[in-house]
Amino acid sequence: MRLRSLLFVPGDRPDRMEKALGLEADALILDLEDAVAPQAKPAARQLTAEFLRSAKQGPMFFIRVNALDSDLIDDDLEAILDARPDALILPKAEGATSVRALAAKAPGIPILPITTETPAAVFELGSYRTVRHLILGLTWGAEDLPAAIGATNSREEDGSYTPPYEMLRSLALFGAHAAGVEAIETVYPAFRELDGLAAYARRARRDGFTGMMAIHPAQVPIINAAFTPTVEELAEAQAIIDAFAANPGRGALNFGGRMIDAPHLRQARRLIALAETASP
Ligand code: COA
Ligand code: MG
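None of these values were measured; they are calculated from a predicted model.

Peer 1: Give a description of the overall build of the protein that names residues and reports values.
Peer 2: When you go through the protein residue by residue, the secondary structure sums to eleven helices and ten strands. For 280 residues, the compact-globule estimate of 2.2 N^0.38 gives 19 Å, and the C-alpha radius of gyration of the protein, at 20 Å, lies within 12% of that figure. Oriented by its inertia axes, the alpha-carbon framework of the protein measures out at about 65 × 40 × 40 Å. For the protein, long-range pairs separated by at least 24 residues make up 66% of all intrachain contacts whose partners lie at least 6 apart in sequence. One finds the centroid of the 28 positive side-chain charges in the protein at a distance of 5 Å from the centroid of its 37 negative side-chain charges.

Structure below.
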């Protein structure tokens, strides 16, 4: 599966859904939650279901439903399940219990929970490994929790996260890998700052995220590029594999003045495997 970029599209904007099809996003996230005003929810459900039924080609189609404790999610599911979305995004998820609750309402559809949007959610980040068969990845957010706890912001003036949100990002990253599922970086809200986005997305891949959510068409190619290994990276990975192959029985090697051993070989193999699944 190739899941580098996941583009949000408001569920009440069919014009934007059409446009999103031509953007090379690996998945679209048709949103029924925060991007849709309360009075527009019924229309959004219908428009989203119709779009899904008519547009079966192209990217994967994910739907973000409303939270489990909203009185909206049952109507969301009733309207959209027949249209067979490829996955459901679950906002305000609070660990394995939330995943099981949604899976019971929507059997057989993979779930991608947003794992850091309530205070209680923070203490459940290690629990997703018990429901790994129900989820395709984990993602996180830095926008809802500040609002939930009366914090004024999750970011410093230079745009970097404050310590509480750096911690959440790390816990979501390791929670995903502990479960053996995709680790999806959160959105970069300043959608006109494309250089800032490029640096942010590169940092995400460096740290072990496997893909990232987008909110605007201009973000998609930048995210796709950041999560695609470069020619130089692939050449180095192949050189590391070749160096071990040329020295059978040796655990640690001198690689141009730097020590490489088993973790570097694993990393190199992983990168080559990633490039193979990512090629169209
Ligand atoms: N999906 C598809 N098309 C989009 C889009 C999206 N998420 N965001 C913008 N576009 C389109 C616009 O329709 C416009 O198309 P046009 O040139 O054919 O008219 C073009 O891209 C340029 O849009 P722009 O004027 O730069 O953006 P905007 O000011 O109209 O909208 C946002 C800005 C943030 C409101 C918009 O990008 C958006 O709705 N993003 C998704 C929000 C969301 O779902 N949030 C929930 C999760 S955090
Ligand atoms: Mg939200």
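That was the structure; now back to the text.
Peer 1: I'd like a rundown of the environment of Arg 202, residues and numbers included.
Peer 2: With respect to the helices and strands, the residue Arg 202 is situated in helix α8 (residues 194–207). Spatially, the C-alpha atom of Arg 202 lies 10 Å from that of Met 212, the residues being ten residues apart in sequence.

Peer 1: Could you give an account of the side chain of Glu 33, naming the residues involved and the relevant values?
Peer 2: With respect to the helices and strands, Glu 33 occurs in the loop between β2 (27–31) and α2 (41–54). By relative accessible area, which is 4% here, Glu 33 ends up buried. Excluding its chain neighbours within four sequence positions, the residues that come into contact with Glu 33 are Lys 41, Arg 64, Val 65, Asn 66, Pro 91 and Lys 92.

Peer 1: Report on the site of ligand 1, specifying residues and quantitative values.
Peer 2: Every one of the 14 residues lining ligand 1 counts as a neighbour, but Phe 8, Arg 16, Arg 192, Ile 215 and His 216 are closest to it. Between an oxygen atom of ligand 1 and a side-chain N or O atom of Arg 16, the distance comes to 2.7 Å. For ligand 1, an oxygen atom lies 2.8 Å from a polar atom in the side chain of Arg 192. In the complex, 62% of the free accessible area of ligand 1, which totals 910 Å², lies under the protein chains.

Peer 1: Tell me what's going on with the packing of aromatic side chains, and back it up with residues and numbers.
Peer 2: Applying the stated criterion across every chain, the model contains four aromatic pairs. Here the aromatic rings of Tyr 161 and Tyr 200 are separated by 6.1 Å at their centres, their planes lie at 70°, and the arrangement is edge-to-face. Of this pair, Tyr 161 sits in the loop between α6 (144–149) and α7 (163–179) while Tyr 200 is found in helix α8, placing the two residues 39 residues apart along the sequence. Pairing Tyr 188 with Tyr 200 gives two aromatic rings, centres 5.5 Å apart and planes at 50°, and the pair type is tilted. Residue Tyr 188 is found in the loop between β7 (182–185) and α8, and its partner Tyr 200 is found in helix α8; the two are separated by twelve residues along the sequence.

Thresholds applied
Residues numbered from 1 in each chain as written. Chains lettered and ligands numbered in written order. Predicted model: local features only at pLDDT ≥ 70, side-chain atom pairs only at ≥ 80, totals over all residues. Heavy atoms only, no water. Helix = DSSP H or I, 4+ residues; strand = E, 2+ residues; numbered from the N terminus. Rg over C-alpha atoms; globule rule 2.2 N^0.38 Å. Contact = heavy atoms within 4.5 Å. Lys, Arg positive; Asp, Glu negative; His and termini not counted. Charge placed at Lys NZ, Arg CZ, Asp CG, Glu CD. Buried < 20%, exposed > 50% of the residue type's maximum accessible area, 1.4 Å probe, protein only. Near = heavy atom within 4 Å. Polar contact = N/O pair within 3.5 Å; in protein donor to acceptor, adjacent residues only side chain to side chain. Areas by Shrake-Rupley, 256 points an atom, 1.4 Å probe, with all protein chains shown as cover. Phe/Tyr/Trp six-rings, centres within 6.5 Å; stacked < 30°, edge-to-face > 60°.

Any link to function would need more than the numbers given here.
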